[in-house]
Amino acid sequence: MQNETIEETTESTAAIAPISAGAGPLRVLVDWLALLTCLVLLPMLGLFASDLWQRTDFRFFPIAILAFLLFAFRKIRLVPVEHRWRSYWSLGILVASSLAGLVSALAVSPWLAGLAVTGMFIGWGLARLGDSRWHEIVGWTLPLWVLLALPVSDAADVSQLLESSTASSASVVLDALSIPQLAIGNLLQLRSTSLPASLVCRGLGSIYLLLLCTTLLSMLLRRSLWIGGLTVLSLPLWAWFSAVAHLVLAAYLLESDGPNLLFGARGLAVQAGFLVVTVLLIWAFQITLKNLFAPFQAYSAGQHGLHSFYSRVVSWPTQEESERPGKGKETAPTADIVSSSLDRRIELIGISTLLVLAVATGVLANYEVFGRSAGKRMEPLQITTEAMQSHF
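Quick caveat, the model's predicted, so the values are computed rather than measured.

A. Region of the structure containing the overall build of the chain. Along its length, the chain carries 19 helices and three strands. Taken across its 392 residues, the chain has 40% of its residues classed as buried. For the chain, long-range pairs separated by at least 24 residues make up 75% of all intrachain contacts whose partners lie at least 6 apart in sequence. Summed over all atoms, the accessible surface of the chain reaches about 21,400 Å², with 67% contributed by carbon and sulfur.

Below is the structure:
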């Protein structure tokens, strides 16, 4: 019986030996396969980078690539893989990535080339990084997946929907402030000028840049998949809230003969400030979610299985990382070292922000009903032909 076990182990080791044997770089076939694939796809990747750079909203992509390199290569350690299933998954991903690279060259698809390189790194990591778990390897590529999630055409760009929603919501707030204006599509028409909502929804106010910042924040703090997923799902609301606040403030100051917060270096600085404040609020929101969905510290006798399942769902994969030998202190999230009193204050900020978002969303969504029932809805601003001609 013992001999059979030894033989099975030997066969398993022999099955994965062609992929994972050898500790040094470029010692096995998979290293050369990954390297040659990246070299062959360099022209397509150059086209992908050029396309992103021409679209000014996506010029943050070098930050995503640099973040991927920093997260991945500071933890890469070539260790032989000892699990057969990882070799099978690695082989499948490598073959699929190679086919995707071939199709991208034939169909001249830069996006597919980026997908092929991302898959090639995951497949190579599963084969060569035996000391890293599969979700860690996939997690390092999250900045690259953000780039792949960018819209390939203007028709699929959700920023257009954000712009129209921002203009109409800002119009409602300015109505409450008794500032005459009119929202036409994504344009907010004031008495003195017209403000396109793209000024606050593009550039540093882009929802895609906010997605990258949120992804990097979750990676730095090692948030669980549950908290990270809820944060990503709430991003449209955060982007909308920040854009409406920026546009309302800019319109109010313009009508009050104040400084212009939309153009020039001042506008760029203000937009960066709104981005920083939004990221800080998202950080407080994540701490609130972490405390709200905290895993059970003790299980009841009758519901041990249910409590254990809930704890694993809300804390995966951070719980598995903390349970690894010698990794408890190294993988402790940065937020865990914050004092309890400060943690409660941050949680209070997160809850207050959620309440403000909920109330603002409810009031703005039902403004038509509220305005008609109260009989206080402002008459639309009459825009003269000369004003429209001066704008266009």
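Further notes follow.
B. Representation of the side chain of T141. Structurally, T141 is set in the loop between α7 (134-140) and α8 (142-148). Looking at T141, the relative accessible area reads 0%, which means it is buried. In this structure T141 touches F68, T118, F121 and I122, once residues within four positions along its chain are discounted.

C. Just the pattern of salt bridges, in detail. On inspection of all chains with the given rule, the structure shows five salt bridges. Between R202 and E163 there is a salt bridge, with its nearest N and O atoms 2.6 Å apart. With R202 in the loop between α10 (198-201) and α11 (207-220) and E163 in helix α9 (residues 159-176), the pair connects residues that are 39 residues apart, well separated along the chain. The salt bridge involving E255 is made with R191; its shortest N-O contact spans 3.1 Å. One end of the pair, E255, is in helix α13 (residues 235-255); the other, R191, is in the loop between β2 (187-189) and β3 (194-196), and 64 residues separate them in sequence. The exposed category is assigned to R191, whose relative accessible area is 58%. The network of salt bridges with common partners includes D57, D157, E163 and R202.

D. Representation of the packing of α11 against α13. Where α11 meets α13, the closest approach of the two axes is 10 Å, and the angle between their N-to-C directions is 125 degrees. In this view, α11 runs oblique relative to α13, as classed from their interaxial angle. α11 and α13 meet at a crossing whose hand is right-handed. Touching I207, L210, L211 and T214 of α11 are L235, P236, W238 and A239, all from α13.

E. Focus on the environment of A197. Its location among the elements puts A197 in the loop between β3 and α10. Along the chain, A197 and L162 lie 35 residues apart, while their C-alpha atoms are 8.6 Å from each other. Apart from residues no more than four positions distant in its own chain, A197 is found in contact with E163, T166, A167 and N186.

F. Molecular detail of unusual backbone geometry. Notably, S178 is not glycine yet its phi reads approximately 60 degrees, a positive angle. Structurally, S178 is set in the loop between α9 and β1 (182-184). On the basis of relative accessible area, S178 is assigned to the exposed category, the value being 57%.

G. Representation of the sheet that holds β2. Spatial ordering of the open sheet is given by β1-β2-β3, a layout of three strands whose pairing is antiparallel. Each of the sheet's edge strands pairs with one partner strand only, and the pair in question is β1 and β3. Within this sheet the neighbouring strands show an average axis-to-axis angle of 20 degrees, counted without direction. Across three bridges, β1 lies against β2 in antiparallel orientation. Pairing of L182 across the sheet is with Q189, part of β2. The sheet contacts of α9 involve β1 and β2, and relative to β2 the element is tilted by about 25 degrees.

H. Up close: the nonpolar core. Ranked by internal contacts, the top residues of the largest apolar core, which has 68 residues, are F60, L188, L195 and L210. Top contributing element to this core by residue count: α13, with 11 residues.

I. Structural context of the packing of aromatic side chains. Here the structure, examined in full by the defined rule, presents six aromatic pairs. Arranged with centres 6.1 Å apart and planes meeting at 35 degrees, the rings of F121 and W124 form a pair that is tilted. Highlighted residues: F121 and W124, both in helix α6 (residues 110-128), separated by three residues, approximately one helical turn. Here F121 and W124 have matching classes, each one buried.

J. Quick peek at α6. A rise of 1.5 Å per residue sets the reference length of α6, with its 19 residues, at 27 Å; its end C-alpha atoms lie 27 Å apart and thus fit the reference within 8%. Summarising burial for α6: 16 of the 19 residues are buried, a large majority.

K. Broad picture of the side chain of T231. Tracing the backbone through its elements, the reader meets T231 in helix α12 (residues 225-233). In this view, T231 contacts T214, I282, F285, Q286 and L289; residues no more than four positions away in its chain are not counted.

L. Local environment of helix α4 (residues 61-73). Between its terminal C-alpha atoms α4 stretches 18 Å, which fits the 18 Å expected from 13 residues at 1.5 Å a residue. Of the positions making up α4, those classed as buried are F61, A64, A67, F68, F71 and A72. Buried residues of α4, viewed axially, fall in a sector of 115 degrees; they line one side. Opposite the buried face of α4, by more than 90 degrees, sit the exposed residues L70 and F73. Against α3 (42-54), α6, α7, α8 and α11 lie the buried residues of α4.

M. Up close: a nonpolar patch on the surface. A cluster of nonpolar side chains, W32, L35, L36, L39 and L42, forms an exposed patch at the surface whose accessible area comes to about 470 Å². The dominant element in the nonpolar patch, judged by the number of residues it contributes, is helix α2 (residues 29-40), at four residues. Mapped onto the elements, L35 comes out in helix α2.

The rules behind these values
- Residues numbered from 1 in each chain as written.
- Predicted model: local features only at pLDDT ≥ 70, side-chain atom pairs only at ≥ 80, totals over all residues.
- Heavy atoms only, no water.
- Helix = DSSP H or I, 4+ residues; strand = E, 2+ residues; numbered from the N terminus.
- Buried < 20%, exposed > 50% of the residue type's maximum accessible area, 1.4 Å probe, protein only.
- Contact = heavy atoms within 4.5 Å.
- Areas by Shrake-Rupley, 256 points an atom, 1.4 Å probe, with all protein chains shown as cover.
- Salt bridge = Lys/Arg side-chain N within 4 Å of Asp/Glu carboxyl O.
- Axes fitted to C-alpha atoms, helices over the stretch in contact; angles between N-to-C directions.
- Parallel < 35°, antiparallel > 145°, perpendicular 65-115°, else oblique.
- Left-handed = near helix turned anticlockwise from the far one by under 90°.
- Pairing = 2+ DSSP bridges.
- Core = buried A, V, L, I, M, F, W, Y, C linked by side-chain atoms within 4.5 Å.
- Phe/Tyr/Trp six-rings, centres within 6.5 Å; stacked < 30°, edge-to-face > 60°.
- Expected span 1.5 Å × (residues − 1).
- Arc of directions from axis to C-beta.
- Patch = residues over 30% accessible without salt bridge, like charges linked within 9 Å, V, L, I, M, F, W, Y side chains within 5 Å.

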